[in-house]
Amino acid sequence: MSNVAKHREICEKLNLIYEAKNKDYGNSFSKQFEEYGITSSAIRIEDKFQRFKNLIKNEAYVKEETLEDTLLDLANYAIMTVMELRKE
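None of the values given here were measured: they were computed from a predicted structure.

The rules behind each value
- Residues numbered from 1 in each chain as written.
- Predicted model: local features only at pLDDT ≥ 70, side-chain atom pairs only at ≥ 80, totals over all residues.
- Heavy atoms only, no water.
- Helix = DSSP H or I, 4+ residues; strand = E, 2+ residues; numbered from the N terminus.
- Buried < 20%, exposed > 50% of the residue type's maximum accessible area, 1.4 Å probe, protein only.
- Polar contact = N/O pair within 3.5 Å; in protein donor to acceptor, adjacent residues only side chain to side chain.
- Contact = heavy atoms within 4.5 Å.
- Expected span 1.5 Å × (residues − 1).
- Arc of directions from axis to C-beta.
- Phe/Tyr/Trp six-rings, centres within 6.5 Å; stacked < 30°, edge-to-face > 60°.
- Axes fitted to C-alpha atoms, helices over the stretch in contact; angles between N-to-C directions.
- Parallel < 35°, antiparallel > 145°, perpendicular 65-115°, else oblique.
- Nonpolar A, V, L, I, M, F, W, Y, C, P; charged D, E, K, R; others polar.

K.L.:
What is the right way to look at the side chain of S40 in this model?
P.N.:
By the element assignment, S40 lies in helix α3 (residues 38-57). What makes S40 buried here is its relative accessible area of 6%. Polar side-chain contacts of S40 include one of 2.7 Å to the backbone oxygen of G37. Excluding anything up to four places from it in sequence, S40 contacts Q32 and F33.

K.L.:
How should I be thinking about helix α1 (residues 3-25) in this particular structure?
P.N.:
It helps to recall that an α-helix has 3.6 residues per turn; residues three or four apart then point in one direction. Counted at 1.5 Å a residue, the expected span for α1 with its 23 residues is 33 Å, and the 32 Å between its end C-alpha atoms agrees. G26 lies just past α1 and shows a positive phi near 70 degrees.

K.L.:
Could you clarify how one ought to interpret helix α2 (residues 28-36) in this entry?
P.N.:
By the burial criterion, the buried members of α2 are F29, S30 and F33. Take α2 and look down its axis: the buried residues cluster within an arc of 95 degrees, on one side only. More than 90 degrees from the buried face of α2, the exposed residues found are K31, E34, E35 and Y36. Residues of α2 that are buried in the fold lie against α3 and α4 (67-87). At the exit of α2 stands G37, carrying a positive phi of roughly 80 degrees.

K.L.:
In this structure, what is going on with the packing of aromatic side chains? I would like to understand it.
P.N.:
In this description, a pair of aromatic rings is defined by centroid distance and the angle of the planes. Across all of its chains, the model carries three aromatic pairs by this definition. Both rings, one in F29 and one in Y77, keep their centres 5.7 Å apart while their planes meet at 40 degrees; by these two values the pair is tilted. Pair noted here: F29 is in helix α2 and Y77 is in helix α4, with a separation of 48 residues, a long-range link. On the basis of relative accessible area, Y77 is assigned to the buried category, the value being 16%. Grouping aromatic residues by their ring pairs yields a cluster made of F29, F33 and Y77.

K.L.:
Would you explain the side chain of T70 in this entry?
P.N.:
Mapped onto the secondary structure, T70 falls in helix α4. With relative accessibility at 1%, the residue T70 sits in the buried group.

K.L.:
When you look at the packing of α1 against α4 in this model, what are you seeing that I'm missing?
P.N.:
Helix packing for two helices is described by the angle between their axes and how far apart those axes are. For the pair α1 and α4, the least separation of the axes is 10 Å and the interaxial angle reads 75 degrees. In terms of orientation, α1 lies roughly perpendicular with respect to α4. Between α1 and α4, the contacting residues are I10, K13, L14, I17, Y18 and K21 on the first element and E68, L72, D73, A75, N76, I79, M80 and M83 on the second. A breakdown of the residues in the contact of α1 with α4 according to their chemical character gives nine nonpolar, one polar and four charged.

And the structure:
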């Protein structure tokens, strides 16, 4: 599989995760961004980044939240931030 195909596969997975989480949480990211601005995005990204750094050093206690899941969440938060910035 080419790198382009691998990238496409990951982006498709990101979209499925985004869709599922939006159904579970509603559009909470957008609402929070509207209320608190880009700082709210920085906080969420920082939380995920801290988890990423911790998972590099330590085994996860919550087995469903893997290193890959954390990185995919980081990517989705970055994309959602771009979406919010494009609204302005």
